[in-house]
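# Report on the structure
Take a look at the letters that make up each chain.
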Amino acid sequence: MLELSELKKIHKRVFSKFDYKFDSDQYGEAEKWVLPKESFTGSTPIVGDCEDFALACRKLCNDAGIQTRLVVCMTESGEGHCVLECQGWILDNRYNKVMSRDKLQTIGYKWLAISGFTPGEDWHKIEG
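Now for a look at the structure at hand. (Residues numbered from 1 in each chain as written. Predicted model: local features only at pLDDT ≥ 70, side-chain atom pairs only at ≥ 80, totals over all residues. Heavy atoms only, no water.)

## Description of the packing of aromatic side chains
The condition that has to hold: Two rings from Phe, Tyr or Trp (for Trp, the six-membered ring) form a pair when their centres sit within 6.5 Å of each other. Planes less than 30 degrees apart are called stacked, planes more than 60 degrees apart edge-to-face, and all others tilted. Where helices and strands are cited, they refer to DSSP runs of H or I of at least four residues and of E of at least two residues respectively, numbered from the N terminus. Only protein chains enter the calculation, and the probe is 1.4 Å; a residue is then buried if its accessible area is under 20% of its type maximum, exposed if over 50%, and partly exposed in between.
According to the stated counting rule, one finds 6 aromatic pairs in the structure shown. Relative to Phe-53, the ring of Phe-15 lies with its centre 6.4 Å away and its plane at 90°, an arrangement referred to as edge-to-face. On the criterion of sequence distance, the pair formed by Phe-15 in helix H1 (residues 4-16) and Phe-53 in helix H3 (residues 50-63) is long-range, its members being 38 residues apart. Judged by its relative accessible area of 30%, Phe-15 is partly exposed. Ring geometry for Tyr-20 and Phe-22: centres 5.3 Å apart, planes at 90°, overall edge-to-face.

## So, the side chain of Arg-58
What counts, and what does not: Charge assignment in this entry is limited to Lys and Arg as positive and Asp and Glu as negative, and neither His nor the chain termini are counted. A pairing counts as a salt bridge when a side-chain nitrogen of Lys or Arg comes within 4 Å of a carboxyl oxygen of Asp or Glu. Polar contact is defined as a pair of N or O atoms within 3.5 Å, subject to the rule that within protein one atom must be able to donate a hydrogen and the other to accept it, and that residues adjacent in sequence are counted only when both atoms are side-chain atoms.
Considering the arrangement of structural elements, one finds Arg-58 in helix H3. There is no salt bridge for the buried Arg-58, and the closest opposite charge comes from Glu-121, which lies 6.4 Å off by N-O distance. Engagement of the side chain of Arg-58 in a polar contact is seen with the backbone oxygen of Phe-117, the distance being 2.8 Å.

## Observations regarding the nonpolar core
Just so we agree on the cut-off: Nine residue types can take part in a nonpolar core, namely buried Ala, Val, Leu, Ile, Met, Phe, Trp, Tyr and Cys, and a core is a set of them joined through side-chain atoms within 4.5 Å. By definition, residues are in contact when any of their heavy atoms lie within 4.5 Å.
Core analysis: the largest hydrophobic core is formed by 22 residues, its most contacted members being Leu-7, Ile-10, Val-14, Cys-57, Ile-66, Leu-84 and Leu-91. Sorting the residues of this core by element identifies H1, H3 and strand E4 (80-86) as the ones contributing at least two each. Beyond its immediate stretch of four places on either side in the chain, Cys-57 contacts Ile-10, Val-14, Leu-84 and Leu-91.

## Quick look at H1
Stated formally: Helix span, as expected, comes to 1.5 Å for every residue beyond the first.
Look at H1: 18 Å from first C-alpha to last across 13 residues, which is about the 18 Å you get at 1.5 Å a residue. In this structure, the buried side of H1 is in contact with strand E1 (18-20), strand E2 (46-48), H3, E4 and strand E5 (89-91).

## Remarks on the environment of Pro-45
The residue Pro-45 is located in the loop between helix H2 (23-27) and E2 in this model. Each C-alpha atom of the pair Pro-45 and Asn-96 lies 16 Å from the other, and the pair is 51 residues apart in sequence.

## Thoughts on H3
Taking 1.5 Å as the rise per residue, H3 with 14 residues should run 20 Å; its terminal C-alpha atoms sit 20 Å apart, in good agreement. Along H3, 12 of the 14 residues are buried, which leaves the element largely enclosed by surrounding structure. All buried positions along H3 are accounted for by Cys-50, Glu-51, Asp-52, Phe-53, Ala-54, Leu-55, Ala-56, Cys-57, Arg-58, Lys-59, Leu-60 and Cys-61.

## Notes on the packing of H1 against H3
Cut-off, in case you're wondering: Axis definition: a line fitted to C-alpha atoms, limited for helices to the stretch in contact. Angles are taken between N-to-C directions and run from 0 to 180 degrees. Note on angle classes: values under 35 degrees are labelled roughly parallel, values over 145 roughly antiparallel, values of 65 to 115 roughly perpendicular, and the remainder oblique. Two helices cross in a left-handed way if the nearer one is turned anticlockwise from the farther one by less than a right angle. They cross in a right-handed way if the turn is clockwise.
Closest axis-to-axis distance for the H1/H3 pair is 10 Å, and the angle between their directions is 135°. Between H1 and H3, the angle falls in the class oblique. Two packed elements cross with a definite hand, and for H1 against H3 that hand is right-handed. On H3, the residues touching Leu-7, Ile-10, His-11, Arg-13, Val-14 and Phe-15 of H1 are Phe-53, Ala-56, Cys-57, Leu-60 and Cys-61.

## A short note on the pairing of strand E3 (residues 69-74)
Cut-off, in case you're wondering: By this definition, two strands are paired if DSSP reports at least two bridges between them.
The pairing of E3 with E4 spans 6 bridges and is antiparallel. The partner of Val-71 across the bridge, within E4, is Val-83. Taking the residues between adjacent antiparallel strands as the criterion, E3 and E4 are bridged by 5 residues, where Gly-78 takes a positive phi near 90°. Taken together, the 4 bridges between E3 and strand E7 (residues 110-114) define a ladder with antiparallel strand orientation.

Okay, structure coming up:
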């Protein structure tokens, strides 16, 4: 059973150490996904963009036995974005708290594709 309080702790831990930086500025590439180190516990700084935040949160959720999925979406401003989803709850670097999927949809987020629960599983296009 999902413990929302645990998701909130994970989000807060990663959010407090997160420094946003575009992949192009950090790696010289338009898009680069980098998994956190196996030793990552959320106590060290994270520099990256939205998927780096989502992957860091996913690592801590996996360590806590919480199943999650990555979601590629479009924000209300039309930008591509990546978040972490867990049973309708979203961990997003744009907000300082865990948000409900429904709340984000009411402000203009549109879900485009979702990963499987296990890293490496196929992604699935979301219709509608």
